[in-house]
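Listed here are the chains, written in short residue letters.
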Amino acid sequence: MAEAGRPGSSAFPELAKTWVPPHELRRLAAYKVLASYDNNQAGQLAAAGGDAGALERRELGDAAKLVDTALGYLLGSEQKITVEGAEHADEETPTTGEVEAAAVQNRLRKWADKELLTFRIQQAERAAVLLGDSVMVLAWNPDKQRPTLRVYDPGFFFPQWDDEDEDFPSRVHLAWELPADDDAGLKARVRRVTYELGPISGDSEDDGGGGSMAGTRTYPWEPGRASNVTCYLTDAEWLLEDLKNGEKLDRLPMDKAAYRVRSDGTELNRLDLMIDFVPVVHIANTIPDGGEHWGRSVLARVLQALDELAATDSDSSAASATTGTPIIGLAGARLPVDRATGKPQELQVKAGAVWQLGETGRMDALDTSPQLAELRARVDHLLERIAANSRVTAAGLGTLDATEVPSGYALKLALGPLDALVGMMRLAREHKYRLLFKMVQRLYQAGRAEGWAAGETLPARLAWAPHTPTDRAAVLEEVVTAYGAGVLSLETAVTMLLEAGYPIKDASQEMARIRAKAEQEAAVRMAEAAARRGRDERDGDQGENDGPGPVAAEKPLDEREPVVADR
């Protein structure tokens, strides 16, 4: 990584390929370095870079644990797609927009189940947490009649920015090498999939559900507005032997390209996708700095500490070997002689060994246990530094002794940096998942799928579950008290219970059941009250017909029974 011109060229010779853009070499080398830490191969990487002693490095999975722990807190227990307004669809008089929002939310959740969205999110987010970036690509599948979602290695992702101030690139390459296959007779080649926004050609067929003229199209998500932009897809391969120096990824010779063909026989050479956006979503693990587009790995700021932890583990292993099998010095010992060679035999330290010593003989053992204890203490110190500097915290990593936490409030303070880390990571993804679900809706509309009418795309988002355990009893008491006092609405109360981890599948359905139960109980109370009034009236009429009875002596005021509130 220290080589500015060709970073990682000594350890990663494959990065020196002629088609890789020079300005992307450092990013690709960084991905490989981070992946080596995750796979306990950082020592082998250092050895490939010239450090011969690095092969003895002991790596025990601390980097992978840090990544998996951060990923677990980021994802929470579950993720749900929510559309604004859908929770009010089950009210007595829902608006048209609320009913439509509930319908869109239901269809998006069905799509998520069919496309294994939770599994795809796990794939994408682990790459983002480890490498700093991840890529998801959408495509309309005419056979399945739904958009498909695929996750790609960020090392395959090469966006082309025409202007650094643009929010999204107008051209994106997904490129990777295909190795040679001698059995199939295939040579080594590079595959490039390109999505590019461009003007609509005059011979393009309109498929937007509205009127069009040459070079324009009306898309179903923007009815009444003509657009002259569409997205073109090109999928081609080049033999590596055909590429010359200077022919980089964005300047590959098109006359030597072999275009791929779709299952229906369509050649993928500037295929018009009938959409006005690039269906590629790049997820950054952190909020990029100004003028940047790439995220930062959760390991980035603690790589040096991980190196020192591996070195300390290696020293500790060596010290434990000399502690368990100590170095012994003998003086005045009678060494056994090998009868074949006549030379003294080498002594071995093992159980049951007996050494004969002379009258002035002496045996001294080298005690390395103090050094071993010091190394173990240093391991604990480094783990604390890694937990603190990564902001996952010792409490989040599970290394905090529970007896050291005096109260739940103290634990909450200890988890404060982790809360900030998860909040920042989720904020960096908020807009990207909104964009993903917008693209899903528009692909459904472009494919003219059943139930997806033309119209404006509704905003949908990914709702995350709490990342730390919640005191459910305290939340329940708070909700009951606040809702009973009328300071919280039913929608807010159910949302709080949902976020606390109560098994509520759908907030709108839960509110509908609560309202139905309340109405039923109110009807029962009204019926009981009406029955009591009827009995009281019948008893009063019977008393008037029988005439006045004996007059009871009136009790003093202080001896009268208290008046019941509901009488």
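Above this text is the structure in question.
Residues numbered from 1 in each chain as written. Predicted model: local features only at pLDDT ≥ 70, side-chain atom pairs only at ≥ 80, totals over all residues. Heavy atoms only, no water.

> Explain the overall build of the protein chain to me, and be specific about the residues and the numbers.
For the protein chain, the helix and strand inventory stands at 13 helices and 15 strands. The proportion of buried residues among the 567 residues of the protein chain is 37%. Counting only contacts in the protein chain whose residues sit at least 6 apart along the sequence, the fraction spanning at least 24 positions is 65%. Roughly 33000 Å² of accessible area belongs to the protein chain as shown, and the carbon and sulfur atoms make up 51% of that amount. (Helix = DSSP H or I, 4+ residues; strand = E, 2+ residues; numbered from the N terminus. Buried < 20%, exposed > 50% of the residue type's maximum accessible area, 1.4 Å probe, protein only. Contact = heavy atoms within 4.5 Å. Areas by Shrake-Rupley, 256 points an atom, 1.4 Å probe, with all protein chains shown as cover.)

> How would you explain the environment of leucine 357 if you had to name every residue and give the values?
Following the sequence through the fold, leucine 357 ends up in strand β14 (residues 356–365). A relative accessible area of 36% means that leucine 357 is categorised as partly exposed. Dropping the residues within four chain positions of it, leucine 357 is found in contact with Leu330, Ala331, Gly332, Ala333 and Arg362.

> Provide a residue-level description of the nonpolar core, including the pertinent values.
In a soluble, globular protein the nonpolar side chains are often hidden away together inside. Residues Trp19, Trp111, Tyr195, Leu299, Tyr433 and Phe437 are the most contacted members of the largest nonpolar core, which totals 101 residues. At 13 residues, helix α10 (residues 416–446) tops the list of elements feeding residues into this core. The contact partners of tryptophan 111, leaving out residues within four places of it in the chain, are Leu117, Leu138, Arg146, Pro147, Leu149, Phe437, Val440 and Tyr444. In terms of nonpolar packing, the next biggest core, distinct from the first, is built from 10 residues, Val479, Ala493, Val494 and Ala507 among them. (Core = buried A, V, L, I, M, F, W, Y, C linked by side-chain atoms within 4.5 Å.)

> Residue-level account of the sheet that holds strand β2 (residues 133–141), with values.
Backbone hydrogen bonds are what pair the strands of a sheet, in a parallel or an antiparallel way. With antiparallel pairing, the three strands of this open sheet are ordered in space as β3-β2-β12. The open sheet has two edge strands with one neighbour each: β3 (146–152) and β12 (280–284). Going from strand to strand, the sheet's axes swing by 25° on average, the running direction of each strand aside. Inspection of the sheet shows β2 paired to β12 by five bridges, in the antiparallel sense. Of the residues in β12, the one forming a bridge with methionine 136 is valine 281. Contacting β2, β3 and β12, α10 crosses the sheet at an angle of about 165° to β12. (Pairing = 2+ DSSP bridges. Axes fitted to C-alpha atoms, helices over the stretch in contact; angles between N-to-C directions.)

> An account of the side chain of threonine 393 is requested, with residue identities and associated values reported.
Position of threonine 393 among the secondary structure elements: in the loop between α7 (369–390) and α8 (394–397). Overall, threonine 393 belongs to the buried group, its relative accessible area being 8%. The residues touching threonine 393, leaving out its near neighbours within four places in the chain, are Ala387, Ala414, Leu415, Pro417 and Leu418.

> Give me helix α12 (residues 490–499): which residues, what numbers.
Within the sequence span of α12, burial applies to Leu490, Glu491, Ala493, Val494 and Leu497. Down the axis of α12, the sector holding all buried residues measures 165°, keeping them to one side. (Arc of directions from axis to C-beta.)

> Hey, could you go over the pattern of salt bridges for me, with residue numbers and the actual values?
Across all of its chains, the model carries 20 salt bridges by this definition. Of the charged contacts, one joins arginine 27 and glutamate 24 as a salt bridge, the two residues approaching to 2.9 Å between their closest N and O atoms. We note that arginine 27, like glutamate 24, is buried. Notably, a salt bridge pairs arginine 378 with glutamate 308, separated by 2.6 Å at the nearest N-O pair. Of the two residues, arginine 378 sits in helix α7 while glutamate 308 sits in helix α6 (residues 303–324), which places them 70 residues apart along the sequence. Overall, the relative accessible area of 33% leaves arginine 378 in the partly exposed class. Among the charged side chains, a salt-bridge network with shared partners connects Asp38, Asp68 and Arg126. (Salt bridge = Lys/Arg side-chain N within 4 Å of Asp/Glu carboxyl O.)

> Go over the packing of helix α1 (residues 25–38) against helix α5 (residues 117–131) with me, naming the residues and quoting the values.
Contact pair α1 / α5: the axes reach a minimum separation of 9 Å and the direction vectors enclose 105°. One element, α1, and the other, α5, form an angle in the roughly perpendicular class. Contact residues: α1 offers Tyr31, Leu34, Ala35 and Asp38, while α5 offers Arg126, Leu130 and Leu131. Split into classes, the residues belonging to the contact of α1 with α5 amount to five nonpolar, no polar and two charged. (Parallel < 35°, antiparallel > 145°, perpendicular 65-115°, else oblique. Nonpolar A, V, L, I, M, F, W, Y, C, P; charged D, E, K, R; others polar.)

> How would you explain the packing of aromatic side chains if you had to name every residue and give the values?
To describe a pair of aromatic rings, one takes the distance between the centres and the angle between the planes. In this structure the tally under the stated criterion is nine aromatic pairs. On the numbers, 5.9 Å between centres and 75° between planes, the contact of tryptophan 140 with tyrosine 444 is edge-to-face. Here tryptophan 140, found in strand β2, pairs with tyrosine 444, found in helix α10; they are 304 residues apart in sequence, far enough to count as distant. Each ring, one from tyrosine 444 and one from tryptophan 452, has its centre 4.6 Å from the other, and the planes form 0°; the classification is stacked. Given the relative accessible area of 7%, tyrosine 444 is considered buried. Ring pairing ties together the aromatic residues Trp140, Tyr444 and Trp452, which thus form one cluster. Over the ring of phenylalanine 158 we find arginine 27; its NZ or CZ atom is 5.7 Å from the centre of that ring. Over the face of the ring belonging to tryptophan 452 we find arginine 107, whose NZ or CZ atom lies 4.5 Å from the ring centre. (Phe/Tyr/Trp six-rings, centres within 6.5 Å; stacked < 30°, edge-to-face > 60°. Lys NZ or Arg CZ within 6 Å of the ring centre and 35° of its normal.)

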